[in-house]
Protein chains: 2
Amino acid sequence: MGRRSDHSREELQSLIVEATLDLVKEHGAEKVTARQIAQAVGYTPGTLYSVFINLQDIFLHVNELGLSTLFEQCAKAMSAQTEPFAAIRSLGIAYLEFATNNTHQFDLMFARADSPSEEAPAAIQTRIRSMFDLIEEQLRILNPDATTAQVKLGARALWSGVHGTATLRLSDQLYLDRSSSDSDVVDMLVNNFLRSWQHR
Amino acid sequence: MGRRSDHSREELQSLIVEATLDLVKEHGAEKVTARQIAQAVGYTPGTLYSVFINLQDIFLHVNELGLSTLFEQCAKAMSAQTEPFAAIRSLGIAYLEFATNNTHQFDLMFARADSPSEEAPAAIQTRIRSMFDLIEEQLRILNPDATTAQVKLGARALWSGVHGTATLRLSDQLYLDRSSSDSDVVDMLVNNFLRSWQHR
DNA sequence: GCAAAAATTGAACATCGTTCATTAATTTTT
DNA sequence: AAAAATTAATGAACGATGTTCAATTTTTGC
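Description of the structure in this document. Since this is a predicted model, take the numbers as computed values, not measurements. (Residues numbered from 1 in each chain as written. Chains lettered and ligands numbered in written order. Predicted model: local features only at pLDDT ≥ 70, side-chain atom pairs only at ≥ 80, totals over all residues. Heavy atoms only, no water.)

Topic: the interface of chain A and chain B
Condition: In what follows, a contact means two residues having at least one pair of non-hydrogen atoms within 4.5 Å. Under the rule applied, a polar contact is a pair of N or O atoms within 3.5 Å (in protein, one hydrogen donor and one hydrogen acceptor; residues adjacent in sequence only if both atoms are side-chain atoms). Elements are defined by DSSP. Helices are runs of H or I of four residues or more, strands are runs of E of two residues or more, and each kind is numbered from the N terminus. Throughout, the ten residues Ala, Val, Leu, Ile, Met, Phe, Trp, Tyr, Cys and Pro are labelled nonpolar, Asp, Glu, Lys and Arg are labelled charged, and all others, Gly among them, are labelled polar.
Across the boundary between the two partners, chain A contributes 45 residues, which contact 45 residues of chain B. Taken together, the connections running from chain A to chain B amount to 3 residue pairs in polar contact (both at pLDDT 80 or more). Broken down by secondary-structure element, the contributors of at least two residues to the side of chain A that touches chain B are helix 6 (103-109), helix 7 (119-142), helix 8 (148-170) and helix 9 (182-198) of chain A. It is helix 8 of chain A that contributes the most residues to the side of chain A that touches chain B, 15 residues altogether. Among the residues making up the side of chain A that touches chain B, the classes are represented as 19 nonpolar, 16 polar and 10 charged.

What follows is the structure, given as structure tokens:
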């Protein structure tokens, strides 16, 4: 078979990315093969390489998507709150919920990999900046006297805490006792951090 | 060639694990192949499977080693401090130092994987317990009135923070600005957390 | 309708993890 | 000391992987 053109280049691109996301969600990234993706979109493996550089390149675009929805869910959870304290807490919970409800996807999102394309990382960086902005905004409200550097540092520290909670939660091995719930850990972390932050 | 017996079973086992660790440190786990490991220890790939179940099984034993040294380095850094506050700070710095100095190894250690053997995870859990104990001990000193549950939760929260800092540091993508140093983030996190913890 | 361009294929390549019958060395038994 | 049994290690093979690319077919522009 030769040229078909049932889909434009961009259509095919997002078709592949979405099919890959589905496969990742179901089986985990390690088990997803080029041939599987190709079959899912109704093409042959070779076609993938006319639209993307690599399998890794495809995964990068999947992560772009993942970061977007993670950001949206966090932003939505925050917007439901009026107080900065509660807002940050909600962000943490939302973050953890995403991680536990989309285990495989989250794993892929933060698994390190040397990136083959230049476009994807840029798009990804933008999305991460948005996450930071979300936190920095609240930290500023909570303590207007803090310098910009302090706010940036604080946001990174807070996010690191939330992210670490999610990460450790996912490495099942690490969870010896099932006693502590996600929200308990986030509460402990966020409350203690913010209480000091407020009175710094 | 047939039987050689230059090494006992256990010798061969630790030979393989150490060779694998070297390869992981240099090239990253994804690039390490069974054939490479076999060549490094002077055997053929088949031999690996008479000593371990899997490549994954080998990696698990590598991680056992990794967690041991991580723990030792943290414990050592802590023991140099007398004050609990400084002790926990030192632990955080040591943790981050290990992560940045052993990027590939750290990646492997906390990359999730369904474990094929039953022995390794048990050994790994023991080592993780030790890490928790280290933190819990200091938290208890810092606030003797805290309940056991609170101490456990606090330790998990703190470790999550440190771990998250390390994790995010490693996903280069995430670091848009190189302004904040590792120790700054840890300071921000640990100081704010512990200040509240003390006066809870 | 025809030539040029573009899209898709499918066969091929090297490499991967893993298995297992075969072989060679060592122990054990006689 | 020879034969038998056991163990260690091999290496060839299998199926599956990511990736490449000449060949083929369809669309497009003239």
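Now that the structure has been shown, we can carry on.
With respect to the side chain of B:Gln138
All names here are of chain B. Spelled out, the test is: Relative accessibility under 20% of the residue-type maximum defines a buried residue, over 50% an exposed one, and the middle range a partly exposed one, all with a 1.4 Å probe and only protein chains included.
Structurally, Gln138 is set in helix 7 (residues 119-142). By relative accessible area, which is 11% here, Gln138 ends up buried. Beyond its immediate chain neighbours, meaning those up to four positions away, Gln138 contacts Met78, Pro84, Ala87 and Ile88.

Describing the packing of helix 5 (residues 84-101) of chain A against helix 9 of chain A
Between two packed helices, what matters for the description is the angle formed by their axes and the separation of those axes. Residues and elements named next belong to chain A. Counted only if it meets this: For helices, the fitted line uses only the C-alpha atoms of the stretch in contact; every axis is such a line through C-alpha atoms, and the angle between N-to-C directions lies from 0 to 180 degrees. Oblique is the label for any angle not covered by the other classes, which are roughly parallel (under 35 degrees), roughly antiparallel (over 145) and roughly perpendicular (65 to 115). In this scheme the crossing of two helices becomes right-handed for a clockwise turn of the near helix relative to the far one and left-handed for an anticlockwise turn of less than a right angle.
Contact pair helix 5 / helix 9: the axes reach a minimum separation of 10 Å and the direction vectors enclose 150 degrees. As summarised for this structure, helix 5 and helix 9 are arranged roughly antiparallel, according to the angle between their axes. The chirality of how helix 5 crosses helix 9 is right-handed. Contact residues: Phe85, Ile88, Arg89, Gly92, Ile93, Leu96 and Thr100 in helix 5; Asp182, Ser183, Val186, Asp187, Val190, Asn191, Leu194, Arg195 and Gln198 in helix 9. Residues that form the contact of helix 5 with helix 9 fall into these classes: 7 nonpolar, 5 polar and 4 charged.

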